[in-house]
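# Residue-level structure breakdown
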Amino acid sequence: MRAADAAPAATRTGTVRTEVSDGPVVGRLEGPGHSVAAYRGVPYAAPPVGPDRFGPPRPHPGWREPLRADGAVGTVPPQLPSPFAALMGDPVDPPQTEACLTVNVWAPVNGAGRRPVLVWLPGGSFLTGGADLPRYDGAELAAQEGIVVVLVNYRLGALGFLAPSWAGPATVEGTGTSLSFRTAPGTTHVTNAGLLDQIAALSWVKREIHAFGGDPGRITVIGQSAGGQSLAALLALPQVRPLFRRAALHSAPLGMEPLTREEAARTADAFLAALDGEDPRSVSAERLLRAQRHVLTRPRPRGDVRPPFQLVADGTVVPADLPRALRDSPPGDGLDLLMGVTRHECALWYGKDPATARMTREEVAAEFAAVFGARAEEALRHYSTGVTPPVAFEELKTDAFFTTPTQRFAGLAQEWGAAVRLFRFDWRVPGGNAALRACHCVEIPFLLGRAEARRAPIFADADQEEMAALRVRVRSLWGEFVRSGIPAADWRPYRREDPVVRVVGGERDGELLDSLPEPGRLPLWD
C-alpha cells in the first residue's frame, strides 16, 4: 500500500506522518488522550500572491521535504479585527498570511477503516475568520464521533471578493476532482475568488482525504453564516456537487442577495480611491486592509449589516437568485441536507447595540412599514407581544435575513430532490450577556472548539456542566448526520405539507415545531 493510501502513522516523538499527492506531511498528536492527528496549514492550492493575488486558485507545485504542519497554532487569511473577536474569545492578533489557501485536518489515529468526513466552511461576513480560531478546533469532535474534521481557509474581504468593473468571472470546467478554472486571456482579476477557493478546497479534500483515513465517498460539507451562503451557491453548481454526499447550512443569511455587478463596482471604486492610485496587485496586505477599513467605515442606513465584500452575481459561478438557481439546476436526488438557524440570530448585532436600544416605537413602525407595507401594523403586533420595540426590530431582521428565507429554501430543496431536515438552536447566553439570547454563532462551540473557546467572555456566566452535556448531544446528532444522513430516528424530513423543525438546546430541546419563525409570523412573509 502506498503511503498516500494509508491513515496517519504516529511516531515515538508525538508527531504523525502521512503523504498527499504534493508531498509528505508531518502533524502532531492532540485532543483527548492524544488520540487525534492534527495537521495545520496543509496547502490545497498555490499561494495566491504576486500576479495571482486576485486570480483563481492554482494547483500547488508540491514539495519534496516533509511539510511541517505540526504547529500548535496555524494561520488565518489577512483580515481586520472582527468586532466580535473579544466577545468570542478569538486571539488578539492571530498569525495572518496571504499564503492562506490551506486546510486544517483532525483525524482519529485509532481504529481501522475509512472514516466519514466533515468539512467546515467558516463564516465571518466574508471579512473575518479562518480555520485556526480556537472555536473552530476539530480535535474533540473528531475524537468523540470518530470522524475526520477539515477546516478551510479561503480569501476574505477585498482579496476574495473585490469585483471592479474589469474583473471577469472564471468558468468552472470539468467536474469533481477533475474540475479547473478557465478565465479569459489576460484576466488577472476574477470575481468571487474566495468562492473559487472553497471549490478548490473541496476538490482537494475529495482527492486527498484518504491520506488522513477519510472516506472520499462520505464527505459532508457544513457552511456557517458566510460559509452557509457560499454553500447555497455551490449546491446549484453541477460541477461541484460530486465533491460531497451531504451538506448542512448553519445560519446562512439567505435573505441577503448577492451583490449586483454595479453594486460591487461601486464598492471597488471606493476601495481603489482609498489606495490613491496604487496598484492593488502590488501593494502590501496591510495597505489593502487600510483601504478595506475605509470602505467599511462609510455611512450606511440604520440596521444595514450587509458586508460590502461578499458574493457577486457574475452570472457564471454566482447567480443573482440563489433559490431559483437551485430550482433550475439538475435534481438533488440523493443529497442529505441539514439546515437551521439560531433562534435570535440578529441579537449578535443589535442585542447590545446602544443605537438600537434607543429606537422608539415610531422608528420601529417605520422599519416594519418598509417591509410589510399595508400589513405593517398587523406585523408589528405579532412581533411586539411581550417585547420592547427594539427587540421587535431585532426579530424582524432575524426573520428577514435568516429564518424565513431558510424555511423557504428548505421547501424548495425538498422539491428539488434533497432529503431536508431543519433545526432551530435555542440555547441562550445567560448572565451579563443575556441580551444576546440565542444569537448568531452561539451554536458553534457546541459542535467545534476546544476548552479555551468555552472560556470566552460570551460564556462567562454559563453553567459549564450544562454546556458540556449539550455539547455531547449536539456532537452526537451532527456526527450521526455525517455518518448516515439521519441525525436521529425521530427527526423526520421536512416537507412543505409536513413541516418539521427540531429544537436543539434550551428549554424545548428535542421538541418538534412546524415553523422556524415564531408562531403566526410565517404567513406575514407570503
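The coordinates are above.
Summary of the structure given here. (Residues numbered from 1 in each chain as written. Predicted model: local features only at pLDDT ≥ 70, side-chain atom pairs only at ≥ 80, totals over all residues. Heavy atoms only, no water.)

Moving on, we come to empty space enclosed by the protein. In this structure the tally under the stated criterion is seven cavities of 30 Å³ or more. As for the largest cavity, its lining consists of 14 residues, and the residues nearest its centre are P253, M256, V305, W349 and F402. Counted by class, the lining of the largest cavity contains 10 nonpolar, three polar and one charged residues. Taken as a whole, the second largest cavity holds about 70 Å³ of empty space. Taken together, R343, H344, E395, T398, D399, T403, R424, L516, P517, E518 and R521 make up the full set of residues lining the second largest cavity. Take the lining of the second largest cavity: its biggest share by element is four residues, from helix α13 (residues 389–416). (1 Å grid on protein atoms, 1.4 Å probe; cavity = no way out; pocket = protein on both sides within 12 Å on 5 of 7 lines; lining within 4 Å. Points joined across faces, edges and corners; volume = space filled by probe spheres on them. Nonpolar A, V, L, I, M, F, W, Y, C, P; charged D, E, K, R; others polar. Helix = DSSP H or I, 4+ residues; strand = E, 2+ residues; numbered from the N terminus.)

All right, on to the side chain of S230 then. Note that S230 resides in helix α5 (residues 226–235). A polar side-chain atom of S230 sits 3.2 Å from a polar atom in the side chain of Q198. Dropping the residues within four chain positions of it, S230 is found in contact with F126, L195, Q198 and L311. (Polar contact = N/O pair within 3.5 Å; in protein donor to acceptor, adjacent residues only side chain to side chain. Contact = heavy atoms within 4.5 Å.)

A separate point is the pairing of strand β4 (residues 36–43). The element β4 is largely enclosed, with a buried count of seven among its eight residues. As paired strands, strand β3 (residues 23–30) and β4 are joined by three bridges and run antiparallel to one another. In the strand pairing of β4, R28 is matched with A38. A loop of five residues connects β3 with β4, the two strands running antiparallel in sequence, and G31 in this loop sits at a positive phi of about 80°. Strand direction decides the pairing type here: β4 and strand β6 (residues 102–108), joined by seven bridges, are antiparallel. Note that in β6 the partner of Y39 across the bridge is V105. (Buried < 20%, exposed > 50% of the residue type's maximum accessible area, 1.4 Å probe, protein only. Pairing = 2+ DSSP bridges.)

Under the counting rule described, the total for this entry stands at 16 aromatic pairs. Taking 4.8 Å as the distance between ring centres and 65° as the angle between the ring planes, the aromatic pair formed by F372 and W525 counts as edge-to-face. Here F372, found in helix α11 (residues 361–372), pairs with W525, found in the segment after β16 (512–513); they are 153 residues apart in sequence, far enough to count as distant. By relative accessible area, which is 11% here, F372 ends up buried. (Phe/Tyr/Trp six-rings, centres within 6.5 Å; stacked < 30°, edge-to-face > 60°.)

For the rest of this paragraph, the subject is the environment of R454. Tracing the chain through its elements places R454 in helix α14 (residues 451–454). Once residues lying within four places of it in the same chain are set aside, the contact partners of R454 are E140, P445, G449, F459, Q464, R471 and R475. Separated by 3.0 Å, the side chains of R454 and E140 make a polar contact.

What follows concerns α13. Here α13 spans 39 Å end to end across 28 residues, near enough to the 40 Å set by a 1.5 Å rise per residue. Its axis deflected by about 50° at D399, α13 carries its strongest bend there. In terms of burial, α13 is largely enclosed, as 23 of its 28 residues are buried. One or two steps after α13, the chain reaches G417, where phi turns positive at roughly 125°. (Expected span 1.5 Å × (residues − 1). Bend = angle between axes of the 7 residues up to and from the residue.)

Before going further, it helps to spend a moment on the nonpolar core. Among the nonpolar cores identified, the biggest contains 116 residues, and Y44, F244, F271 and F368 are the most heavily contacted of them. Broken down by element, the residue count for this core peaks at 10 residues, all from α13. The contact partners of F368, leaving out residues within four places of it in the chain, are G373, A376, A379, L380, Y383, A392, F393 and L396. Grouped together as the second largest cluster of nonpolar side chains are 48 residues, A142, L348, F425 and L448 included. (Core = buried A, V, L, I, M, F, W, Y, C linked by side-chain atoms within 4.5 Å.)

The next thing to look at is the pattern of salt bridges. Here the structure, examined in full by the defined rule, presents 40 salt bridges. With its nearest N and O atoms 3.6 Å apart, the salt bridge here joins D52 to R58. Classification of D52 by relative accessible area gives partly exposed; the value is 22%. Residue class for R58 comes out partly exposed when judged on its relative accessible area of 34%. Salt-bridge contacts for R450 lead to D137; the nearest nitrogen and oxygen are separated by 2.7 Å. With R450 in the loop between β14 (419–425) and α14 and D137 in the loop between β7 (115–121) and α2 (139–145), this residue pair connects regions lying 313 residues apart in the sequence. Of the residues examined, D137 reaches a relative accessible area of 3% and is grouped as buried. Look at the salt bridges and you will find they share partners, linking R28, E30, R40, D132, D137, R450 and E452 into a network. (Salt bridge = Lys/Arg side-chain N within 4 Å of Asp/Glu carboxyl O.)

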